[in-house]
Amino acid sequence: MKITGGCHCGAISYEAEIDPNTVAVCHCADCQVLSGSAFRVAVPAKREEFKLLSGEPQIYVKTGESGRKRVQSFCSTCGTPIYSSDVTDPQMFSIRLGTAHQRAELPPKVQIWCRSALGWTMHLEPVRQDAKQSF
């Protein structure tokens, strides 16, 4: 499936070919902090199937719990995380789903790093749902 997307301010845009069956929710502590949320949703794209159309992301390298070094790329103007990849062999880009224009069509198929999940994230059904901000 072809997706397009970009950052919040429009400085960075991309297109990619992805497999919709590989969308994942990651509950690891790094994703919680780097996303500023309780988890991150991402979809992988092969290097040759990911293309930046405009802009050049800022890069930050984070060493994960496993010892692997991961490039975290984001817009230097608005801070939107765009993707991550392996430092030593960047053959896959983990695209941040919130940046994809087609995000509503890409429900997650798996949740990973659940040992780090905030307990309440696994039980959101009973939480009140409002159509717009109510406070």
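Whatever comes next refers back to the structure up there.
Residues numbered from 1 in each chain as written. Predicted model: local features only at pLDDT ≥ 70, side-chain atom pairs only at ≥ 80, totals over all residues. Heavy atoms only, no water.

*Asks:* Would you mind going over the overall build of the protein with me for this structure?
*Replies:* A tally of helices and strands in the protein yields one helix and 10 strands. Going from N to C terminus, the protein has its helices and strands arranged as β-β-β-α-β-β-β-β-β-β-β. A compact globule built from 135 residues would reach a C-alpha radius of gyration of about 14 Å, and the protein, at 15 Å, matches this within 12%. Once the C-alpha set of the protein is aligned to its principal axes, its extents read approximately 40 × 35 × 30 Å. Among the 135 residues that make up the protein, the fraction classed as buried is 35%. (Helix = DSSP H or I, 4+ residues; strand = E, 2+ residues; numbered from the N terminus. Rg over C-alpha atoms; globule rule 2.2 N^0.38 Å. Buried < 20%, exposed > 50% of the residue type's maximum accessible area, 1.4 Å probe, protein only.)

*Asks:* Honestly, the pattern of salt bridges in this entry has me stumped. Any pointers?
*Replies:* Between side chains of opposite charge, a pair can form as their charged atoms come close. For the coordinates displayed, the defined rule picks out four salt bridges. As a salt-bridge pair, Asp86 and Arg68 come within 3.3 Å of each other at their nearest N and O atoms. With a gap of 18 residues between them, Asp86 in strand 8 (residues 81-86) and Arg68 in the loop between strand 6 (58-63) and strand 7 (69-74) connect regions that are remote in the sequence. According to the relative accessible area criterion, Arg68 is partly exposed, its value standing at 46%. (Salt bridge = Lys/Arg side-chain N within 4 Å of Asp/Glu carboxyl O.)

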